[in-house]
Amino acid sequence: MILVFFGAPGSGKGTQAHELKKAIKTLSHISTGDLLRQEITSDSAFGRSIKYKIDAGEFITDDIILQLVTDILRKKSKKDIIFDGFPRTLNQAIAFDALLGVENLKVDVVFDFDIDVHELIERISGRYVCQDCGAVYHKKNRKPRIDSVCDQCGGTRFIRRQDDTAQALETRLKIYREQTLPVRDYYKDKGVLKKINASQTAAIVTENIKETLRSAGLMKEGE
Ligand code: AMP
């Protein structure tokens, strides 16, 4: 099962990927943004070469992203995967189909996380993440159950993303409108796009995603 979580920055894709993984144990989560941030944290030469672009909210080239995805897809033995933040350009989407085709796979469902831009700004300005596992929190709406301890992994180190600033967000939203929105039409034409109202609470969004997967025969009742 290949799922794509599609939506603007701050629309809840990462949070929902973590939630869905809890329900479907075979699922793995590939976030190209997380992979790139790991490179930056490890201070590799590659990480250093992309840091300024990520911090400014600009895109990394299609070639680099596609190489990253090709490598990680090859390594996965179980191909039940949520792609989060990929594909993000029409080129990436077309190349992704070719890549999946080689393995007799296809994109099953693309969840289109629909949310108002004002809400995105509110969410992103209060967002922080667990440095160890990437679980996403919000200073008002989504705090860990125990103060300063990650619900997912017990980690105690939290960071704010360097690109969660007003200026970087403006760039990210502009690029999203110009380069990423055409990907939505691409998947709509293929009949795999499912709109999700991402303004609802995280629990309701999770339930809607599960319901869609059950109706598509991709998830069992009770899972
Ligand atoms: P995200 O965590 O998905 O918001 O991604 C953070 C940043 O990583 C983006 O603002 C881009 O700079 C870069 N990035 C992540 N995924 C992609 C992609 N598919 N194509 C180009 N750049 C990406």
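Residues numbered from 1 in each chain as written. Predicted model: local features only at pLDDT ≥ 70, side-chain atom pairs only at ≥ 80, totals over all residues. Heavy atoms only, no water.

Caption draft 1: Spatial organisation of the site of the ligand. Close contacts around the ligand come from 16 residues, with T32, R37, E58, R88 and Q92 the closest. R88 is positioned such that a nitrogen or oxygen atom in its side chain is 2.9 Å from an oxygen atom of the ligand. Between the ligand and Q92, the relevant distance is 3.0 Å, taken from a nitrogen atom to a side-chain nitrogen or oxygen of the residue. Against a free-state accessible area of 480 Å², the protein chains account for coverage of 97% of the ligand. (Near = heavy atom within 4 Å. Polar contact = N/O pair within 3.5 Å; in protein donor to acceptor, adjacent residues only side chain to side chain. Areas by Shrake-Rupley, 256 points an atom, 1.4 Å probe, with all protein chains shown as cover.)

Caption draft 2: The packing of aromatic side chains, seen in detail. Within this structure, the stated rule accounts for 10 aromatic pairs. Summarising the aromatic geometry, the rings of F5 and F111 are spaced 5.7 Å apart at their centres and angled 85° between planes, so their arrangement reads as edge-to-face. Here the residue F5 occupies a position in strand β1 (residues 2-7), and F111 occupies one in strand β4 (residues 109-114), the gap between them amounting to 106 residues. Plain terms: the ring middles of F6 and Y176 are 6.1 Å apart, the flat faces sit at 40° to each other, and that makes the pair tilted. Taken as a pair, F6 in strand β1 and Y176 in helix α7 (residues 166-190) lie far apart in primary sequence, 170 residues in all. Here the aromatic residues F5, F111 and F113 are joined through ring pairs into a cluster of three or more. (Phe/Tyr/Trp six-rings, centres within 6.5 Å; stacked < 30°, edge-to-face > 60°. Helix = DSSP H or I, 4+ residues; strand = E, 2+ residues; numbered from the N terminus.)

These results come straight from atomic positions and should not be treated as a statement about function.
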